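Residues per chain are reported as follows:
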Amino acid sequence: MSGSTDAAFRRQAVRFGAEAVVSEMVAGETLAMARPDVVRRTCRHEGKGRWIVQLAARRPEDMRRGAELLAEAGVDQIDINMGCPSRQVTGGQSGSALMKEPDLAKAIIDAALEGAGGLPVSLKMRLGWDSDMLNAPELAQYAEHVGLCMLAVHGRTRCQYYKGQADWARVSDTVNAVALPVVVNGDIGSVEDADKALQQSGAHGVMVGRSAVGRPWMLGEISAHLAGRTNWSEPSAAEKHESLIEQIEDSMTLYGTCLGLRIVRKHISASIDWLANDWSDTERREIRSAACKFVEPAPLFDFLNRVYADKWSVAA
Ligand SMILES: Cc1cc2nc3c(=O)[nH]c(=O)nc-3n(C[C@H](O)[C@H](O)[C@H](O)COP(=O)(O)O)c2cc1C
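Residues numbered from 1 in each chain as written. Predicted model: local features only at pLDDT ≥ 70, side-chain atom pairs only at ≥ 80, totals over all residues. Heavy atoms only, no water.

## Considerations on the overall build of the chain
Each helix and strand in the chain was counted, giving 15 helices and 7 strands. A globule of 316 residues ought to have a C-alpha radius of gyration of about 20 Å, and the chain, at 20 Å, matches this closely. In terms of its C-alpha atoms, the chain occupies a principal-axis envelope of roughly 60 × 45 × 35 Å. Taking all 316 residues of the chain together, 52% fall into the buried category. When the accessible area of the chain is evaluated, it comes to approximately 14100 Å², of which 50% is carbon and sulfur surface. Here the chain contributes 36 positive and 41 negative side-chain charges, whose respective centroids are spaced 4 Å apart. (Helix = DSSP H or I, 4+ residues; strand = E, 2+ residues; numbered from the N terminus. Rg over C-alpha atoms; globule rule 2.2 N^0.38 Å. Buried < 20%, exposed > 50% of the residue type's maximum accessible area, 1.4 Å probe, protein only. Areas by Shrake-Rupley, 256 points an atom, 1.4 Å probe, with all protein chains shown as cover. Lys, Arg positive; Asp, Glu negative; His and termini not counted. Charge placed at Lys NZ, Arg CZ, Asp CG, Glu CD.)

## So, helix α6 (residues 102-116)
Over its 15 residues, α6 runs 21 Å from end to end, which matches the ideal 21 Å to within 8%, given 1.5 Å per residue. Those residues of α6 lying buried are Pro 102, Leu 104, Ala 105, Lys 106, Ile 108, Ile 109, Ala 111, Ala 112, Gly 115 and Ala 116. Contact partners of the buried residues in α6: α4 (60-73), β3 (77-82), β4 (121-128) and α7 (136-146). Positive backbone phi, at 55°, marks Gly 117, one or two positions downstream of α6. (Expected span 1.5 Å × (residues − 1). Contact = heavy atoms within 4.5 Å.)

## Some details on empty space enclosed by the protein
To find leftover empty space, a probe the size of one water molecule is rolled over the atoms. Under the defined criterion, the tally for this structure stands at 3 cavities of 30 Å³ or more. When its volume is computed, the largest cavity comes out at roughly 100 Å³. Taken together, 14 residues form the lining of the largest cavity, with Arg 10, Val 21, Arg 44, His 45 and Glu 46 sitting closest to its centre. Of all elements in the fold, only α1 (7-15) and β2 (52-56) reach the threshold of two or more residues within the lining of the largest cavity. With 4 residues, the top contributor of residues to the lining of the largest cavity is α1. Partitioned by chemical class, the residues of the lining of the largest cavity number 7 nonpolar, 2 polar and 5 charged. In this structure, the second largest cavity is lined by Gly 214, Pro 216, Trp 217, Lys 240, Ser 243, Leu 244, Gln 247, Ser 271 and Tyr 308. In terms of residues, the lining of the second largest cavity owes the most to one element, helix α11 (residues 237-255), which gives 4 residues. Two domains each donate at least three residues to the lining of the second largest cavity, and these are domain 1 (7-226) and domain 2 (237-308). (1 Å grid on protein atoms, 1.4 Å probe; cavity = no way out; pocket = protein on both sides within 12 Å on 5 of 7 lines; lining within 4 Å. Points joined across faces, edges and corners; volume = space filled by probe spheres on them. Nonpolar A, V, L, I, M, F, W, Y, C, P; charged D, E, K, R; others polar. Domains from an automatic or database assignment.)

## Section: the site of the ligand
The immediate surroundings of the ligand are formed by 14 residues, with Gln 54, Asn 185, Asp 187, Gly 209 and Arg 210 found nearest. Interatomic distance of 2.7 Å between a backbone N/O atom of Asp 187 and an oxygen atom of the ligand. Here the ligand has 610 Å² of accessible area as a free molecule, and 85% of this is covered by the chains. Its residues assigned to classes, the shell around the ligand shows 4 nonpolar, 7 polar and 3 charged. (Near = heavy atom within 4 Å. Polar contact = N/O pair within 3.5 Å; in protein donor to acceptor, adjacent residues only side chain to side chain.)

All we've got here are geometric facts, nothing functional implied.
See the structure below:
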């Protein structure tokens with residue numbers, strides 16, 4: 001997820017047992033401009049597990065060039081973005097807007113495969129553009145025909161943005177249309193949700209986005225559950241604390257102290273939301289708000305030491 005699942009977050013997801021992580025979306029044109037910060041920040045890989053980078057483009061030539069550059073950089077897999085509903089992206093006809101123009105979408109898929117030069121290529125999409133155009137199964141069949149390796153389907157249309165509930169059952173139309181592995185996505189926040197999403201969609205796996213922010217260990221819990229491993233146990237508060245500190249440090253290394261602290265705030269906030277303490281809503285809000293005001297790491301770390309020891313106080 002752009003702006004959330006950066007390299008600092010992905011490191012924690014892998015640490016706690018996520019089976020695979022995908023980079024934030026990167027535009028083919030941006031890669032072609034060879035901006036070193038993009039490769040360093042967005043595409044960075046820990047060296048553990050498969051290195052999967054997601055590419056978005058509105059022109060086949062940008063997709064092709066972006067895929068070539070990623071292949072040269074040594075990634076293991078390229079994922080095509082046809083799921084992003086943002087007007088900035090769809091306005092430029094990429095992301096989920098491509099689902100409204102199947103011919104262009106197919107040309108983008110072809111271009112990704114050409115640029116990837118034999119690397120596995122996967123596709124992330126929505127159910128379709130709107131309820132009158134639920135064409136994920138058609139695109140899936142094309143993707144299978146030309147040789148993509150995997151599909152992920154978010155159970156909403158582009159026009160739904162994030163409204164309502166993801167329709168896991170509707171994802172089964174895609175699962176039934178192809179023999180390729182299909183991953184179901186949208187509103188999965190627990191092992192129970194993962195079970196329901198798999199049962200309703202018939203998909204081969206689950207993809208989790210928003211609900212892992214602030215609790216990356218939940219991905220490991222779902223992985224362990226789906227693999228039938230019964231020995232998973234929730235990390236202690238000390239491990240969660242250590243993970244958050246590592247993520248903050250990584251964020252500062254990636255972006256510099258000032259920007260790094262600003263970017264990691266949403267993760268600090270979400271981590272505080274998921275801390276099991278008997279704080280009232282007001283107290284939790286105060287803690288979150290105080291934690292997000294620090295502009296230097298030392299006092300932030302000191303504050304978090306006290307929060308995780310439940311000995312916090314917020315100065316008036
Ligand atoms: C802030 C934000 C950024 C996102 N960025 C991306 C992205 O870069 N690539 C992508 O495929 N999906 C992106 N998504 C969509 C998510 O990957 C996912 O499909 C969607 O949030 C539904 O799954 P969830 O309920 O598990 O979050 C983004 C979603 C949000 C909220």
